Structures are given as structure tokens and as C-alpha cells.
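Each chain, letter by letter, is given below.
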Amino acid sequence: IIQLYTPLNWFGTYYRMIQSAFVDMESMFDLLTEEKEVKDDVNAGDLLFTEGRVDFQNVCFSYTAGKEILSEVSFTVMPGQTVALVGPSGSGKSTIIRLLFRFYDVQGGCILIDGQDIYKVKQNSLRSYIGVVPQDTVLFNDNIRENIRYGRISASDQEVEEAAVAADIHHKILSFPDGYDTEVGERGLKLSGGEKQRVAIARTILKSPRIILLDEATSALDSQTECNIQASLAKVCANHTTLVVAHRLSTIIKADQILVLHDGRIAEQGRHEELLAMGGLYAAMWLKQQQTPESEVSTDEQPQDSSQ
Ligand code: ATP
């Protein structure tokens, strides 16, 4: 009996270890999928992506009761077009991007992709079509190669390097002490804001999503870096439905449509020239920026901010 029991006991111990390893892995994935604010509907199906049209219909949203951040926001991004969001700091630009990625659910109205309410589709399915280039990119404690590969885990080393070339960060990586094997993140080499953003762009290139959400960094970049980033972004975004929180002029001028947010509402909308001709909020913002040195240009200053 003892002879029989020992292997069973052994098996039991290992079984529990393996089981707890899986539990740890699950909680790790829970962490990766962010807060559990948003739940899939029991009947949720996959998003049937066709052409990439995005509609916001009378969207209302608040983070805390009583403080409405978005009120009756409606707009359409046609397939392959680029829409820029501008407006004062705190006007709700980034919130619009978070809602489309479904970090939160809307409290009024709806958001549609190709006619399907994103509230009714599986989050994983929705997010598989969307790439986000955030304001501040998180780097993991791993080497730079794996940090880029995070965009598509199955990508080969060669694909990782091609993405880095397209995002204009390849040469920079080669100058790191161990090239692509250089450890980054909290415990490794610290990257500048512009470099981290290019890592995010490289990840997005690897993921090659159908819809791109871009939250431009507010911090000023030197004009060469800025120019390189714009060029690589233009490549990524071409023919992809793109929603961009714009802080810089170059993005705005070329956008198919500009939405000017004010107090959680769309105050003006149109193309750059149209908005200038209207002589309203956008025209005033533009004028102010023209008088500001290029390195300090940002579209989302508070109107009363005249510190520059
Ligand atoms: P910026 O240009 O400064 O990034 P924004 O226009 O993108 O601003 P949002 O980040 O969308 O503005 O924020 C809109 C409002 O919602 C702000 O008043 C902000 O304080 C508030 N807010 C943002 N995130 C949260 C949150 N997680 N909980 C509570 N309030 C929030």
C-alpha cells in the first residue's frame, strides 16, 4: 500500500503545483487585460470587420456620477480616413479613444464599428482589430526585441527588425550596448519619450491592426525626431481608419476631419481650411500656435494659459 501511495502522493503534490502555476498565469492575464470594468455580454459574438467604419452616436460618458465628460458626442470616421481630436486639456479627447477600445462602457448612445455595437461583441475580438499608440508606452523588463515582439507574439526576429526599421528606431537599437538583446524597462536601459513612442509604433506595425488609435505625446520632441515619427506613422496609418488625439500641427493639417472638443461636446468639425475659415475656436487655437515657437506647440492648452 505504501509503495502505491508514494507515487500518488508525489503526483498530488505536483498536480497542486501545476494547478497553482496555472492560477498564477490566469491572474497575470487578468492584469494584462486591465481592470474588469467591462464585461462581455453572454450572447456576445465576434466583431465582423468589413471596411472599418466607426460611428459614435450620441455618446454620453462620465467616470464619476454627476460629472459628465462627454455629452451627446456624434461623429463618423469613414473607412481608411484619419480623424483628429483637438481641444483644451481635459476636454475628453483621450476618453473617446478609451471608449472605442472599450476600456469603459458608454452610459448613453452607442459606438459602432461597421454597424455593430461594440458593447455587444467580445472584447478580445474588438481589440484584435485595434492598435493603440498611447501617450506613454509601457516597456516590460525584458530585452528590446521582446518588447517590440509584444505587438505580435508570433513575429520572427526578422519581422521585429523590419518593424523597428519602419518605426525609425532600428539604428538607435543597434547603438544600445547589446543591440536587440539590451534589457529595457524598470531594471534596464531607460528610453526617452520619443524612443518609447517609436517602440509603440513598431509594435503597432507588427500587429498591423485595421483601426489605429493614436494618443500623441504632449511632450515636445526635437524636430528631427518629430519628423521621423510622423513619417513612420504616416506609413502605418495609410489606408487604416485612424483616430488621433492631436497635439501637433502636422497631424491636424492633413486629417480628413478635425473634431474640436469643448466641455465634452463637439464644438466644431471640418477640415483644417474649413475650420480656419469659420474663424471660431479652432482658428483661435491655430493663430495662437502660429505665434508659439515650434518646440512648444500644442493644441490643447487651456485658453487662459498664456504662460508661453
Ligand atoms: P489631455 O489633452 O490633457 O490629455 P483630454 O482631452 O485627453 O486631456 P481626458 O483624458 O479624456 O482629457 O479627460 C477628460 C476628463 O476626465 C478630465 O477632466 C479628467 O480629469 C477626467 N478623467 C480622465 N480619466 C479619469 C479617470 N480614470 N477617473 C476619473 N476622471 C478621469
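Residues numbered from 1 in each chain as written. Predicted model: local features only at pLDDT ≥ 70, side-chain atom pairs only at ≥ 80, totals over all residues. Heavy atoms only, no water.

## Some details on the overall build of the protein chain
Assigned secondary structure in the protein chain consists of 11 helices and 10 strands. Across the 308 residues of the protein chain, 46% fall into the buried class. Here the analysis covers contacts within the protein chain between residues at least 6 apart in sequence; of these, 70% occur between residues at least 24 apart. (Helix = DSSP H or I, 4+ residues; strand = E, 2+ residues; numbered from the N terminus. Buried < 20%, exposed > 50% of the residue type's maximum accessible area, 1.4 Å probe, protein only. Contact = heavy atoms within 4.5 Å.)

## Some words on the side chain of aspartate 55
Among the secondary structure elements, aspartate 55 is positioned in strand 1 (residues 54–61). At 2.7 Å, the side chain of aspartate 55 and the side chain of threonine 76 are in polar contact. Other than its neighbours up to four places away in sequence, aspartate 55 contacts Phe75, Thr76, Cys110, Ile111 and Leu112. (Polar contact = N/O pair within 3.5 Å; in protein donor to acceptor, adjacent residues only side chain to side chain.)

## What to know about the packing of aromatic side chains
The full count for this structure, using the stated rule, is 7 aromatic pairs. Measuring from centroid to centroid gives 4.8 Å for phenylalanine 61 and tyrosine 63, while their planes differ by 85 degrees, and the two rings are edge-to-face. A relative accessible area of 2% places phenylalanine 61 in the buried class. A residue is classified by how much of its surface remains accessible, and tyrosine 63, at 35% relative accessible area, is partly exposed. (Phe/Tyr/Trp six-rings, centres within 6.5 Å; stacked < 30°, edge-to-face > 60°.)

## A look at the pattern of salt bridges
Under the definition given, this model contains 13 salt bridges. Between aspartate 136 and lysine 196 there is a salt bridge, with its nearest N and O atoms 3.5 Å apart. Taken together, the residues span a long stretch of sequence, with aspartate 136 in the loop between strand 6 (130–133) and helix 4 (144–149) and lysine 196 in helix 7 (residues 193–207) at a distance of 60 residues. A salt bridge links aspartate 168 to arginine 198; the nearest nitrogen and oxygen atoms lie 4.0 Å apart. Of the two residues, aspartate 168 sits in the loop between helix 5 (157–166) and helix 6 (170–174) while arginine 198 sits in helix 7, which places them 30 residues apart along the sequence. According to the relative accessible area criterion, aspartate 168 is partly exposed, its value standing at 29%. The class of arginine 198 is buried, set by a relative accessible area of 10%. Here the salt bridges do not stand alone but share partners, grouping Arg145, Glu146, Arg149, Asp157 and Asp181 into one network. (Salt bridge = Lys/Arg side-chain N within 4 Å of Asp/Glu carboxyl O.)

## Thoughts on the sheet that holds strand 8 (residues 241–245)
Across the sheet, which stays open at both edges, the 6 strands sit in the order 6-7-8-3-9-10 with mixed pairing between neighbours. Whereas interior strands pair on both sides, the edge strands pair on one side only; in this sheet they are strand 6 and strand 10 (265–270). Between one strand axis and the next, the sheet turns by 20 degrees as a mean value, whatever way the strands run. Looking at chain direction, strand 6 and strand 7 (residues 211–215) are connected through 4 bridges and run parallel. For isoleucine 130, the partnering residue across the bridge sits in strand 7 and is isoleucine 211. Seen against the sheet, helix 7 touches strand 6 and strand 7 and runs at an angle of roughly 170 degrees to strand 6. (Pairing = 2+ DSSP bridges. Axes fitted to C-alpha atoms, helices over the stretch in contact; angles between N-to-C directions.)

## Considering the packing of helix 7 against helix 8 (residues 223–237)
Viewed as axis vectors pointing N to C, helix 7 and helix 8 meet at an angle of 10 degrees, and their least axial separation amounts to 11 Å. Taken together, the axes of helix 7 and helix 8 lie roughly parallel to each other. Where helix 7 crosses over helix 8, the handedness of that crossing is left-handed. Here Gly194, Gln197, Arg198, Ile201, Thr204 and Ile205 of helix 7 lie close against helix 8, whose contacting residues are Thr225, Ile229, Ser232, Leu233 and Val236. Partitioned by chemical class, the residues of the contact of helix 7 with helix 8 number 5 nonpolar, 5 polar and 1 charged. (Parallel < 35°, antiparallel > 145°, perpendicular 65-115°, else oblique. Left-handed = near helix turned anticlockwise from the far one by under 90°. Nonpolar A, V, L, I, M, F, W, Y, C, P; charged D, E, K, R; others polar.)

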